[in-house]
Amino acid sequence: MRERSRRADRVDGNSGGARRSMRAEGTEKLAERPPQPPPPTRAPKKVKQAAPGEGKRGGKGAASINMLQIFNDLDDCFLKASESANDVSKMLEANRLHYHSNFADNRGHIDHSARVLRVITWNKSFRGLPNTDDGLDDFDSEENETHATVLDKMLAWEKKLYDEVKTGEQMKIEYQRKVASLNKLKKHGARIESIEKAKATVSHLHTRYIVDMQSMDSTVSEINRLRDEQLYPKLVALVDGMAEMWEHMKVQHENQKKISTALKSLDISQSAKETTEHHHERTVQLLVIVQEWHSQLHKLMTHQKTYIKALNNWLRLNLIPVDTNLKEKVSSPGRTQSPPIQALLCLWHDQLEKLPDELAITGITSFGAVMNTIVQIQVDEMKLRDKCEQTQKELNRKTRQFDDWYKKYMQKRTPPDEVDPDRSEDKDLVAERKLAVDTVKQKLEDEEEEYQRQRVHVREKSLTALRTQLPELFRVLSEFSSSCFKMYTQLRSITRPKKPNQSSQ
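Bear in mind that the values here come from a model prediction, so they are computed numbers and not experimental data. In every chain, residue numbers begin from 1 and rise along the written sequence. A pLDDT threshold of at least 70 governs which residues receive local features in this predicted model, and a stricter bar of 80 or more applies before side-chain atom pairs are shown or counted, although totals over entire chains, interfaces and linings include all residues. Side-chain metrics rest on all non-hydrogen atoms present in the structure, leaving aside hydrogens and water.

A. Up close: the overall build of the chain. Helix and strand definitions here come from DSSP, where helices need a minimum of 4 consecutive H or I residues and strands a minimum of 2 consecutive E residues; each element is numbered from the N-terminal end. Tallying secondary structure elements over the chain gives 14 helices and zero strands in all. Mapped from its N terminus to its C terminus, the chain presents α and β elements in the order α-α-α-α-α-α-α-α-α-α-α-α-α-α. Working definition: with a 1.4 Å probe on protein chains only, accessible area under 20% of the residue-type maximum means buried, over 50% means exposed, and in between means partly exposed. A burial count over the chain gives 42% of its 505 residues as buried. Per-residue and other accessible areas follow the Shrake-Rupley method at a 1.4 Å probe size, with only the shown protein chains counted as cover for residues. Carbon and sulfur atoms form 53% of the exposed surface of the chain, whose accessible area is close to 28500 Å².

Take a look at the structure:
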């Protein structure tokens with residue numbers, strides 16, 4: 001999802017403008033496969049003169065299809081998809097660093113939940129009075145609660161319940177021990193004073209236990225209130241937000257699938273003739289972004305499943321009544337055995353397990369492998385280019401050396417009419433020197449030929465890979481986003497029960 005990954009990633013960035021310029025620059029350069037040198041031909045100007053969408057709709061001729069325009073349109077879709085995640089990001093406070101109750105700082109463990117609970121209980125005790133402490137007021141303003149603060153508040157009450165249950169169990173053991181001691185005194189006919197003293201101790205423990213159980217019941221009631229009145233509405237709002245987000249994602253990925261099919265009509269002659277350093281850097285940048293996209297989508301699905309599974313496990317324990325028995329029944333508040341949150345979490349958990357997220361993740365992985373291959377053949381091309389440049393320098397050096405030698409040699413040799421009129425020795429020496437130069441020249445021609453073949457290979461392989469892999473990538477992503485949208489639409493439907501008059505129709 002950037003992210004996910006764009007989203008995954010927007011579920012995480014601050015400056016949309018900066019990110020847009022970075023992605024646009026990277027995508028523009030990667031769109032021209034193989035690379036286009038920056039100065040020579042300025043394709044962007046040519047693209048902007050065409051009507052929007054002319055290239056991506058695949059006009060009547062290849063000239064109307066421009067790779068740069070295609071990639072700009074794909075990037076625009078990513079930006080729109082990213083923007084669709086804004087509401088969900090705000091709900092989950094994705095851009096904020098949270099202090100969680102289970103963590104501790106350098107000073108050692110700090111029970112943040114206890115602090116939260118003290119503030120909560122203090123405010124509830126004076127709910128009818130004005131609170132002049134602004135630092136405490138935020139906790140009591142439930143309409144301003146976020147998903148994270150609701151969870152933290154529930155954790156605080158759960159820790160309080162844990163301590164109360166633990167204390168209750170200890171008191172129960174002590175009570176049973178005192179009852180056994182009392183019965184032993186009675187059995188052995190102990191003095192009346194000893195028996196009465198033991199009875200008083202047992203009665204006192206029983207009273208304390210009843211009071212503690214009533215306090216525990218109040219804690220349970222507060223946890224259930226938070227569950228039904230705060231957590232459940234937050235989950236419903238999250239479902240609504242996710243449904244809308246995935247609906248927009250589906251639309252944008254479907255648009256990208258249509259746009260990418262225009263690559264099939266693209267003429268390879270439009271591509272740049274060689275890979276420049278700048279183009280290669282942008283190709284590597286795209287590879288890194290694709291890898292991050294894969295990572296963020298994987299994290300999104302993993303964390304979503306983990307969270308919903310954790311809530312389901314907690315709810316199962318939450319619905320189990322706490323044992324408040326000694327000898328006789330102690331009144332305990334009735335439990336709602338089927339709260340609305342239960343149906344939502346059960347269906348949410350089941351549907352998440354059925355999502356084809358592995359197909360989407362594999363699709364991104366496959367495209368990443370394609371990009372990695374393009375990066376490698378670009379590296380091979382640039383190595384051949386560097387090799388040609390080195391050989392060219394060697395040829396220039398040997399040519400200068402030969403010219404200098406030949407000039408000096410011709411000045412020093414004796415006139416042909418005096419000694420050895422055939423000059424066979426001179427011819428052999430010159431030929432030998434000239435052969436060394438011609439050998440390097442031939443080497444350069446062979447390397448340039450190999451370099452030319454590699455340049456064509458990079459262009460053809462890159463364009464062929466993009467023609468086949470991009471439409472397939474967006475097909476898989478559009479199907480995945482469609483499945484997510486259907487899932488959250490179904491979850492949304494059970495959070496909005498039909499009215500009696502509607503169900504009867």
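B. Structural context of the nonpolar core. In this structure, W246, W348, L470 and Y488 are the most contacted members of the largest nonpolar core, which totals 76 residues. Those elements giving two or more residues to this core turn out to be α4 (67–83), α8 (147–187), α9 (192–260), α10 (277–318), α11 (340–354), α12 (357–412) and α13 (424–494). Ranked by residues supplied to this core, first place goes to α9 with 18 residues. With residues near it in sequence (within four places) discarded, Y488 still touches V239, M242, A243, W246, Q304 and W348. By size, the runner-up hydrophobic cluster in this structure holds eleven residues, among which are L395, V437, V440 and L444. To form a nonpolar core, buried Ala, Val, Leu, Ile, Met, Phe, Trp, Tyr and Cys residues must be joined to one another through side-chain atoms within 4.5 Å. Residue contacts are counted whenever heavy atoms from the two residues lie within 4.5 Å of one another.

C. Structural detail: a negative patch on the surface. Only residues above 30% relative accessible area that lack a salt bridge enter a patch, with like-charged residues linked at up to 9 Å and the nonpolar side chains Val, Leu, Ile, Met, Phe, Trp and Tyr linked at up to 5 Å. A pair is scored as a salt bridge if a Lys or Arg side-chain nitrogen falls within 4 Å of a carboxyl oxygen belonging to Asp or Glu. In this tally, Lys and Arg are treated as positive and Asp and Glu as negative; His is ignored, and so are the chain termini. One atom stands in for each charge, and that atom is NZ of Lys, CZ of Arg, CG of Asp or CD of Glu. Residues E445, D446, E448 and E450 make up a contiguous surface patch of negative charge. Mapped onto the elements, E450 comes out in helix α13. Note on E450: relative accessible area 34%, which makes it partly exposed.

D. Quick look at the pattern of salt bridges. Enumeration according to the criterion identifies 16 salt bridges in this entry. Its salt-bridge partner being E277, residue R385 comes within 2.9 Å of it at the nearest N-O pair. On the criterion of sequence distance, the pair formed by R385 in helix α12 and E277 in helix α10 is long-range, its members being 108 residues apart. Accessibility expressed as a relative area gives 42% for E277, which makes it partly exposed.

E. Examining the packing of aromatic side chains more closely. Stacked, edge-to-face and tilted are the three classes for Phe, Tyr and Trp ring pairs, Trp counted by its six-membered ring, which pair at centre distances within 6.5 Å; planes under 30 degrees apart are stacked, over 60 edge-to-face, the rest tilted. For the coordinates displayed, the defined rule picks out seven aromatic pairs. Plain terms: the ring middles of W246 and F480 are 5.4 Å apart, the flat faces sit at 85 degrees to each other, and that makes the pair edge-to-face. Here the residue W246 occupies a position in helix α9, and F480 occupies one in helix α13, the gap between them amounting to 234 residues. You can call W246 buried: its relative accessible area is 3%. The rings of F78, W293 and F474 are connected pair by pair, giving a single aromatic cluster.

F. Looking closely at the packing of α10 against α12. Between the N-to-C directions of two axes lies an angle of 0 to 180 degrees, each axis being a line fitted to C-alpha atoms and, for a helix, fitted only over the stretch in contact. It is the contact of α10 with α12, at a shortest axis distance of 9 Å, that shows an interaxial angle of 160 degrees. As summarised for this structure, α10 and α12 are arranged roughly antiparallel, according to the angle between their axes. The handedness of the crossing between α10 and α12 is left-handed. Of the residues assigned to the contact of α10 with α12, the class counts are 16 nonpolar, nine polar and four charged. The cut-offs work like this: below 35 degrees is roughly parallel, past 145 is roughly antiparallel, 65 to 115 is roughly perpendicular, and the gaps in between are oblique. With the far helix as reference, a near helix turned anticlockwise by less than a right angle produces a left-handed crossing, and one turned clockwise produces a right-handed crossing. Note that Gly is not counted as nonpolar here; it falls among the polar residues with everything else outside the nonpolar set of Ala, Val, Leu, Ile, Met, Phe, Trp, Tyr, Cys and Pro and the charged set of Asp, Glu, Lys and Arg.

G. Seen up close, the side chain of E222. Here E222 lies in helix α9. Taking the relative accessible area as the measure of exposure, E222 reaches 9% and is therefore buried. Between N or O atoms, a polar contact is any pair within 3.5 Å; within protein, one atom must be a potential hydrogen donor and the other a potential acceptor, and residues adjacent in sequence are included only when both atoms are from side chains. A polar contact of 2.9 Å, which involves the side chain of E222, links it to the side chain of R225.

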